[in-house]
Amino acid sequence: MLTALEALARLQEGNRRFIANQTTSDSLDQARRAALVVKQEPFAIILGCSDSRVPAELVFDQGFGDLFVIRVAGNIVAPSQVGSVEFAASRFGTRLVVVLGHSGCGAITATLEEITGQATSQSRNLRSIVDRVRPSVEKILTRREDNDEETLIRDAVRANVRASVHQLKRGSELLEELTVNDGLLVVGAEYSLETGVVTFLDNVALSD
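Predicted model, so just to flag it, every value in this text is computed and none were measured. (Residues numbered from 1 in each chain as written. Predicted model: local features only at pLDDT ≥ 70, side-chain atom pairs only at ≥ 80, totals over all residues. Heavy atoms only, no water.)

Trainee: Quick question: what am I supposed to make of the sheet that holds strand 4 (residues 185–191) here?
Mentor: The strands that make up a sheet pair up through hydrogen bonds in the backbone, lying either parallel or antiparallel. A sheet is described by the order of its strands in space; here five strands give the open sequence 2-1-3-4-5, paired in mixed fashion. For this open sheet the edge positions go to strand 2 (67–71) and strand 5 (198–200), each flanked by a neighbour on one side alone. When the angles between neighbouring strand axes are averaged without regard to direction, this sheet yields 25°. Inspection of the sheet shows strand 1 (residues 44–48) paired to strand 3 (residues 96–102) by four bridges, in the parallel sense. Opposite Ile-45, over in strand 3, you have Val-97 as the bridge partner. Along the sheet, helix 1 (residues 4–19) contacts strand 1, strand 2, strand 3, strand 4 and strand 5; its crossing angle with strand 3, the most-contacted strand, is approximately 35°. Relative to the sheet, helix 7 (residues 149–170) contacts strand 1, strand 3 and strand 4, its axis offset from that of strand 4 by approximately 165°. (Pairing = 2+ DSSP bridges. Helix = DSSP H or I, 4+ residues; strand = E, 2+ residues; numbered from the N terminus. Axes fitted to C-alpha atoms, helices over the stretch in contact; angles between N-to-C directions. Contact = heavy atoms within 4.5 Å.)

If you want it as structure tokens, here you go:
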């Protein structure tokens, strides 16, 4: 199994291929699919947004069995997401967890609209997503002096990613133990819909 930093480098290299339109031809190899029937060893866990424009396997140019992907609107952290990360990290020995947000996130926009009174979530289930995004977005709003919506959404997306990273790091005794004793690394990243580039946040990634 790859170390966290080795896995991180592999994701970065895959994203470079994706951006350059040089994706590998064996990503969807059927022989590989068949070989994975009995066992899987994903080298990275991705907690990403459900947005149809951000398929983790494609943006990182990976194939069958490479990534353990959890997708939910707003890449939020709820008990089921924590449990999914715990399962993969403990069962498969995967040592890298990436929380992957993206530019123009609809869950972020919906939360901003809710906070500013422009819209109200009628569905209790939708509101549960907004309520998990709200704390990090509210902090951004209280610190801002301008009304540049594009910058506001960008900063809110990144704040939400960092909040999810923090919740994974501090909200699970199992993940904390794996971090301290077994080299587990939880990092945040942002995918640009405009460029296809994945930027890892807070200088956690290897240098480009």
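Trainee: Just to check I follow, could you spell out the nonpolar core for this structure?
Mentor: Nonpolar side chains in soluble globular proteins tend to end up buried together. Grouped together as the largest cluster of nonpolar side chains are 36 residues, with contacts concentrated most on Ile-45, Ile-108 and Leu-168. Broken down by element, the residue count for this core peaks at eight residues, all from helix 7. Residues within four places of Ile-108 in sequence aside, it is in contact with Val-133, Val-137, Ile-153, Ala-156, Val-157 and Asn-160. Listed in part, the 20 residues of the second largest apolar core include Phe-43, Ala-56, Val-98 and Leu-100. (Core = buried A, V, L, I, M, F, W, Y, C linked by side-chain atoms within 4.5 Å. Buried < 20%, exposed > 50% of the residue type's maximum accessible area, 1.4 Å probe, protein only.)

Trainee: What is the right way to look at the packing of helix 5 (residues 106–115) against helix 7 in this model?
Mentor: Between two packed helices, what matters for the description is the angle formed by their axes and the separation of those axes. Their axes nearest at 10 Å, the elements helix 5 and helix 7 cross at an angle of 110°. Compared by their axis directions, helix 5 and helix 7 come out roughly perpendicular. Residues Ile-108, Thr-109 and Leu-112 of helix 5 lie in contact with helix 7, whose contacting residues are Leu-152, Ile-153, Ala-156, Val-157 and Asn-160. Along the lines of polarity and charge, the residues of the contact of helix 5 with helix 7 split into six nonpolar, two polar and no charged. (Parallel < 35°, antiparallel > 145°, perpendicular 65-115°, else oblique. Nonpolar A, V, L, I, M, F, W, Y, C, P; charged D, E, K, R; others polar.)

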